[in-house]
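Read off the chains here:
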Amino acid sequence: MGYADFHRRSIEEPDAFWAEQARLVDWKTPPVRICDNDRPPFTRWFVGGTTNLCHNAVDRHLAQRGDQAALIAVSSETGTEATYTFRQLHAEVQRTAAMLRELGVGRGDRVLVYMPMIAEAVFAMLACARIGAIHSVVFGGFASVSLASRIEDAGPLVIVSADAGSRGGKVTAYKPLLDEAIRLSSHKPRAVLLADRGLAPMERVPGRDHDWAPLRDKHLHTTVACEWMDATDVSYTIYTSGTTGRPKGVQRDVGGYAVALAASMRHIFDAQAGETYFSTSDIGWVVGHSYIVYGPLIAGMATILYEGLPIRPDAGIWWSLVEKYKVSVMFSAPTAVRVLKKQDPAFLQKYDLSSLRALFLAGEPLDEPTARWIADGLGVPVVDNYWQTESGWPILTIANGVEKQPGKFGSPGVPMYGFKVRIVHEATGEELTEPDQKGVVVIEGPTPPGFMQTVWRDDARYVQTYWKSIPGKMVYSTFDWGIRDADGYYYILGRTDDVINVAGHRLGTREIEESISSHPAVAEVAVVGVADPVKGQVAMAFVVPRDAAAVADPADALKLEGAILKVVDQQLGAVARPSRVRFVTLLPKTRSGKLLRRAIQAVCEGRDPGDLTTIEDPSALQQIRDLITA
Ligand code: AMP
């Protein structure tokens, strides 16, 4: 079957199509109803079925591939490498599940995971899935305020963490950030489980904090069976940024997610059991959940968990892993490739990469020079894929496992099976059916398996934010601009909201503004995303100081800039740190007081700011122009 027919069938006969895909995973009891869309936009998949993500990722492979590698944990930061077979992974996950049980965790309880890229993080995620607890992994690069808002919202019974993470040889102690976050949050966890890597000293809170190693020893031989979960139960939440400062808990199910990932491993990633998958993402992001942990393991593959930079000890580190572990499928982000592009290209020739069949890139727009450079260097197809934390797996790409089709530079591809993607006019909601018309990329319900179920504990926010933003139509907005060409390929043209994308990481400008505003010298602030040759975008902040005299002297201005950046570092983490803080006497606003972020962004990028008839005081924009061109 060609891809066009495959996609058509998924849309026209969703029940038959997805019932077939559901056979890619094990069920304790098979589903009774495939797609229940009785209460849109809340689509429920595989109703009546019971299964378990951990069973599908680990247990079901024991008979056939128990001694095959499952998890390969590599840290170029600590110089360590450990391989766990499926059997060993099974044992570690049961030990971790037993520890969580001992700390009181049961079905439906939340466990927040704030960890670096170490094997224990994967054990913790799988252990939660095993006992039916809901995990919420928070990216280790976030600091105490970001972490506190997620603790507050998730309400975890237990937090799993570690002494420290390391990046580029710089150790970040997690425990003080975690303690501060717990202090800031009104919700307090009952217990904290801590993996000690010996990288940073930890102070334990008696009665609350528990060490991983002794507790694991206690449960060396404890067996913990999988809880059979309803397909529609919650497997995890993951927080993502939006237009408001408050992050949203994207909630995902059990059965739909298992099927979506299993299907994508076959149809999109064209991957085989027994091979090795290497995703360079982080478990704190959705790509890490889907394609470091669950996807490859469900497919019976070994997965590489990598802590470190792509250029340390040298720019050949990733390719050396491809050679050593015979990686067949690799997944990364355009930013990482742009970083590598600045290094000696000889590193691409140094290793035997013959096992590699394709490199998938996602998270941000993939520019043609970057795509060409890496495709030529590796000699394998580079496949762009467009998706979101919300979708859980690719919305647009090329399903080479169904039919080999050419890609087009600059386009992530065509809609994946199950996705009804449309381009609509942002003001009228009218569908733009002619080719090459720019509009908002939306998805018509029912949303496919694996898609978010709702916003954690906030159905109203889910409906209001995602399904009511287009006038006259209940469709899911991606908040991305896009066009579709005459051949049906889509092009993504940037966000419609105030979300920016730094090195493939989604950040809300509002969150960064709130953090900067907490500095006592700041009266007002605007944060915009500005184009950057390596990171795609970087955040740039414009601050009106309370006292103009405080920044009159350039040395004082530099000092205040440093102090403000430090606040962002401490509250949100280095990922959110703006590239610069510039001082102005006023910000460009409309007469009704709305910040003209887009105009600021245009000026920063040397573009025409467009229609400025509503601007209160044009000199505000001139100040920014002067600063940028100075
Ligand atoms: P996140 O949920 O953090 O993964 O961010 C999702 C957003 O990243 C999307 O809404 C897009 O704006 C952007 N994005 C992800 N993948 C791509 C891609 N392949 N091409 C262009 N933009 C992308």
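Residues numbered from 1 in each chain as written. Predicted model: local features only at pLDDT ≥ 70, side-chain atom pairs only at ≥ 80, totals over all residues. Heavy atoms only, no water.

Under an unreviewed UniProt entry, the name given to the protein is Propionate--CoA ligase, and the organism recorded is Ramlibacter pinisoli. For the record of the protein, the UniProt heading Sequence similarities (unreviewed entry) holds the text "Belongs to the ATP-dependent AMP-binding enzyme family." (UniProt positions renumbered as here; feature names shortened; annotations may be inferred.)

Asker: Help me understand the sheet that holds strand β6 (residues 110–114), please; the structure alone is not making it clear to me.
Answerer: Where strands meet in a sheet, backbone hydrogen bonds hold them as pairs that are either parallel or antiparallel. The strand order across the open sheet built from 8 strands is β12-β11-β8-β6-β7-β14-β15-β25, with neighbouring strands paired in mixed fashion. Both outer strands of the open sheet, β12 (209–211) and β25 (454–455), are each paired with one neighbouring strand and no more. Strand direction decides the pairing type here: β6 and strand β8 (residues 158–162), joined by 4 bridges, are parallel. Among the inter-strand pairings, L112 is bridged to a residue of β8, identified as I159. Most of the contacts of helix α11 (residues 286–298) go to strand β14 (residues 234–240), to which it runs at about 140°, and overall it touches β7 (134–137), β14 and β15 (248–253). (Pairing = 2+ DSSP bridges. Helix = DSSP H or I, 4+ residues; strand = E, 2+ residues; numbered from the N terminus. Contact = heavy atoms within 4.5 Å. Axes fitted to C-alpha atoms, helices over the stretch in contact; angles between N-to-C directions.)

Asker: Got a minute to help me understand the UniProt feature "domain: AMP-dependent synthetase/ligase" (unreviewed entry) in the protein in this structure?
Answerer: UniProt records the feature "domain: AMP-dependent synthetase/ligase" (unreviewed entry) for residues 59–447 in the present numbering. Secondary structure across residues 59–447 comprises 30% helix and 25% strand; the distance between its end C-alpha atoms is 29 Å.

Asker: When you look at the packing of helix α7 (residues 144–154) against helix α8 (residues 175–184) in this model, what are you seeing that I'm missing?
Answerer: The relative placement of two packed helices is expressed as an angle between their axes plus a distance between the axes. Where α7 contacts α8, the axes come no closer than 8 Å and their chain directions differ by 50°. With respect to each other, α7 and α8 are oriented oblique. The handedness of the crossing between α7 and α8 comes out as right-handed. Seen from α7, the contacting residues are S144, V145, L147, A148, I151 and E152; seen from α8, they are L177, L178, E180, A181, I182 and L184. Residues that form the contact of α7 with α8 fall into these classes: 9 nonpolar, 1 polar and 2 charged. (Parallel < 35°, antiparallel > 145°, perpendicular 65-115°, else oblique. Left-handed = near helix turned anticlockwise from the far one by under 90°. Nonpolar A, V, L, I, M, F, W, Y, C, P; charged D, E, K, R; others polar.)

Asker: It is not clear to me how the site of the ligand should be interpreted in this structure. Could you clarify?
Answerer: Around the ligand, the structure places 14 residues, and the nearest of them are N385, T389, D480, R495 and R506. At 2.5 Å from an oxygen atom of the ligand is found a side-chain nitrogen or oxygen belonging to D480. One of the side-chain nitrogen or oxygen atoms of R495 is found 2.8 Å away from an oxygen atom of the ligand. A total of 490 Å² of accessible area belongs to the ligand in isolation, and the protein chains cover 93% of it. Those elements that place two or more of their residues in the shell around the ligand are β20 (382–385) and β27 (490–495). Its residues placed into classes, the shell around the ligand shows 4 nonpolar, 5 polar and 5 charged. (Near = heavy atom within 4 Å. Polar contact = N/O pair within 3.5 Å; in protein donor to acceptor, adjacent residues only side chain to side chain. Areas by Shrake-Rupley, 256 points an atom, 1.4 Å probe, with all protein chains shown as cover.)

Asker: Looking at this model, I keep getting lost on the pattern of salt bridges. Mind explaining?
Answerer: Scanning the entire structure with this criterion turns up 44 salt bridges. Note that E92 is salt-bridged to R216, the shortest N-O span being 2.7 Å. Of the two residues, E92 sits in helix α5 (residues 86–102) while R216 sits in helix α9 (residues 212–218), which places them 124 residues apart along the sequence. Judged by its relative accessible area of 8%, E92 is buried. For the salt bridge of R197 with E307, the shortest nitrogen-to-oxygen distance reads 2.7 Å. (Salt bridge = Lys/Arg side-chain N within 4 Å of Asp/Glu carboxyl O. Buried < 20%, exposed > 50% of the residue type's maximum accessible area, 1.4 Å probe, protein only.)

Asker: Quick question: what am I supposed to make of the nonpolar core here?
Answerer: Soluble globular proteins tend to bury their nonpolar side chains together. Within the largest apolar cluster, 122 residues are counted, with the highest numbers of intra-cluster contacts made by W18, L100, L126, F269, Y294 and Y417. Those residues in contact with L100, other than ones at most four positions away along the chain, are V105, V111, A124, A127, C128, I131, V158, V160 and L193. Counting residues in hydrophobic clusters, the runner-up holds 29 residues, among them L340, F347, L356 and L361. (Core = buried A, V, L, I, M, F, W, Y, C linked by side-chain atoms within 4.5 Å.)

Asker: Sorry, what's going on with the side chain of E390 here?
Answerer: On the secondary structure map, E390 appears in the loop between β20 and β21 (396–397). Within the structure, the side chain of E390 is placed 2.6 Å from the side chain of Y466, a separation counted as a polar contact. For E390, the side chain forms a polar contact with the side chain of R506, separated by 2.8 Å.

Asker: Even after reading the chapter, I still don't get unusual backbone geometry, so can you show me in this structure?
Answerer: Glycine aside, residues mostly have negative phi angles, and peptide bonds mostly take the trans form. Of the consecutive residues P40 and P41, the connecting peptide bond is found in the cis state with omega at 5°. Position of P41 among the secondary structure elements: in the loop between β1 (33–36) and β2 (44–47). Here G445 and P446 are connected by a cis peptide whose omega angle stands at -5°. Note on placement: P446 falls in the loop between β24 (439–444) and β25.

Asker: What am I meant to see in the packing of aromatic side chains here?
Answerer: How two aromatic rings sit relative to each other is set out by the distance from centre to centre and by the angle between their planes. As enumerated under the stated definition, the model contains 38 aromatic pairs in all. Taking NZ or CZ as reference, K438 lies 5.0 Å from the ring centre of W481, over its face. (Phe/Tyr/Trp six-rings, centres within 6.5 Å; stacked < 30°, edge-to-face > 60°. Lys NZ or Arg CZ within 6 Å of the ring centre and 35° of its normal.)

Asker: Help me understand helix α19 (residues 619–629), please; the structure alone is not making it clear to me.
Answerer: Helical periodicity: at 3.6 residues per turn, an α-helix aligns residues three or four positions apart in one direction. Inspection of α19 places A620, L621 and I624 among the buried residues, and these make up the whole buried set. The buried residues of α19 occupy an angular sector of 95° when projected down its axis, which confines them to one face. (Arc of directions from axis to C-beta.)

Asker: Looking at this structure, how should I read the environment of L194?
Answerer: Along the polypeptide, L194 turns up in strand β11 (residues 191–195). Here L194 falls in the buried class, since its relative accessible area comes to 0%. Separated by 147 residues in the primary sequence, L194 and V47 place their C-alpha atoms 37 Å from one another. In contact with L194, not counting residues within four places along its chain, are S161, A162, K175, M202, D209, H210, D211 and W212.

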